[in-house]
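Inside the fold
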Amino acid sequence: MNRPFDLEERTFLFAKDCRCYIQKLPKTISNIEDGKQLIRSSGSVGANYIEANEKLGDKDFLFRAKISRKEAKESKYWIRLLHEMNLEFHEISKPLLEESEELRKILSTIISKSN
């Protein structure tokens, strides 16, 4: 799968793909509630990364980048939960699980190189 090099665009596509996934799931109480959480956290990955790039200083950059990484980890949690509860949609959720982990690793590298 070709992913954009621009991390702002990549995080945008991740949030969009998470929303497309949620739209396909059955409308059970747990899917709706877990889906809401995934919508929040997946969108927050990119939003906080954009904020980090508009930094007010090095401390602000690190703070925002760490929040972005935290939201990527949280997104992985919600995707994993939805993944386990909706076995018939694994072909959609598996790449999202992989992407959430890749984004976490990328953000971890950015944070460690910024220290």
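Residues numbered from 1 in each chain as written. Predicted model: local features only at pLDDT ≥ 70, side-chain atom pairs only at ≥ 80, totals over all residues. Heavy atoms only, no water.

1. A few points about the nonpolar core
Membership of the largest hydrophobic core comes to 18 residues, with the highest contact counts inside it found for Phe 14, Cys 18, Tyr 21, Leu 38, Val 45, Ile 79 and Leu 96. For this core, the secondary structure elements donating two or more residues are α1 (7-24), α2 (29-53), α3 (58-85) and α4 (90-114). With five residues, the next largest nonpolar core counts Ala 52, Phe 61, Leu 62 and Ala 65 among its residues. (Core = buried A, V, L, I, M, F, W, Y, C linked by side-chain atoms within 4.5 Å. Buried < 20%, exposed > 50% of the residue type's maximum accessible area, 1.4 Å probe, protein only. Helix = DSSP H or I, 4+ residues; strand = E, 2+ residues; numbered from the N terminus.)

2. Thoughts on the environment of Ile 50
On the secondary structure map, Ile 50 appears in helix α2. Placed 19 residues apart in sequence, Ile 50 and Asn 31 show a C-alpha to C-alpha distance of 28 Å.

3. Looking at the pattern of salt bridges
The tally for this structure, following the rule as stated, stands at eight salt bridges. Here Asp 60 makes a salt bridge to Arg 64, at a shortest N to O gap of 3.8 Å. Placement of both Asp 60 and Arg 64 in helix α3 is noted, with a separation of four residues, approximately one turn of the helix. Ionic contacts of the salt-bridge type, sharing partners, join the residues Arg 10, Glu 99 and Glu 102 into one network. (Salt bridge = Lys/Arg side-chain N within 4 Å of Asp/Glu carboxyl O.)

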